[in-house]
Amino acid sequence: MPQSRADSVLTLEELRRQHRLLDAQIDHAENGPGQASPQIKELKRRRLELRDRIVRLEQGASGRG
């Protein structure tokens, strides 16, 4: 069942919000005391996955419009 346009917009907004939160966590981890390299690597991996999902949704939305 296709996702409605309103649901897509809400999903995109939520994914973007999560992406911003991960950016902040990465900044904090990189600039904080004692860099936790495995933690930073995992945060960056999750951020990249979110970015990929955002791009796919944006491309799908522009293809419908």
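Reading guide: rules and limits
Residues numbered from 1 in each chain as written. Predicted model: local features only at pLDDT ≥ 70, side-chain atom pairs only at ≥ 80, totals over all residues. Heavy atoms only, no water. Core = buried A, V, L, I, M, F, W, Y, C linked by side-chain atoms within 4.5 Å. Buried < 20%, exposed > 50% of the residue type's maximum accessible area, 1.4 Å probe, protein only. Helix = DSSP H or I, 4+ residues; strand = E, 2+ residues; numbered from the N terminus. Contact = heavy atoms within 4.5 Å. Salt bridge = Lys/Arg side-chain N within 4 Å of Asp/Glu carboxyl O.

Q: Please give an account of the nonpolar core that cites residues and values.
A: One finds Leu12, Leu15, Leu22, Ile26, Leu43, Leu50, Ile54 and Leu57 forming the largest nonpolar core, which totals eight residues. Going through the elements one at a time, α1 (5-31) and α2 (37-64) are the ones with two or more residues in this core. Leave out the neighbours within four places in its chain, and Leu50 touches Leu15, Gln18, His19 and Leu22.

Q: Report on the pattern of salt bridges, specifying residues and quantitative values.
A: The tally for this structure, following the rule as stated, stands at six salt bridges. The partner of Arg45 in a salt bridge is Glu42, and the shortest N-O contact between them spans 2.5 Å. Of this pair, Arg45 and Glu42 both sit in helix α2, three residues apart, which is roughly one turn of the helix. Because the salt bridges share partners, they merge into one network encompassing Glu42, Arg45 and Glu49.

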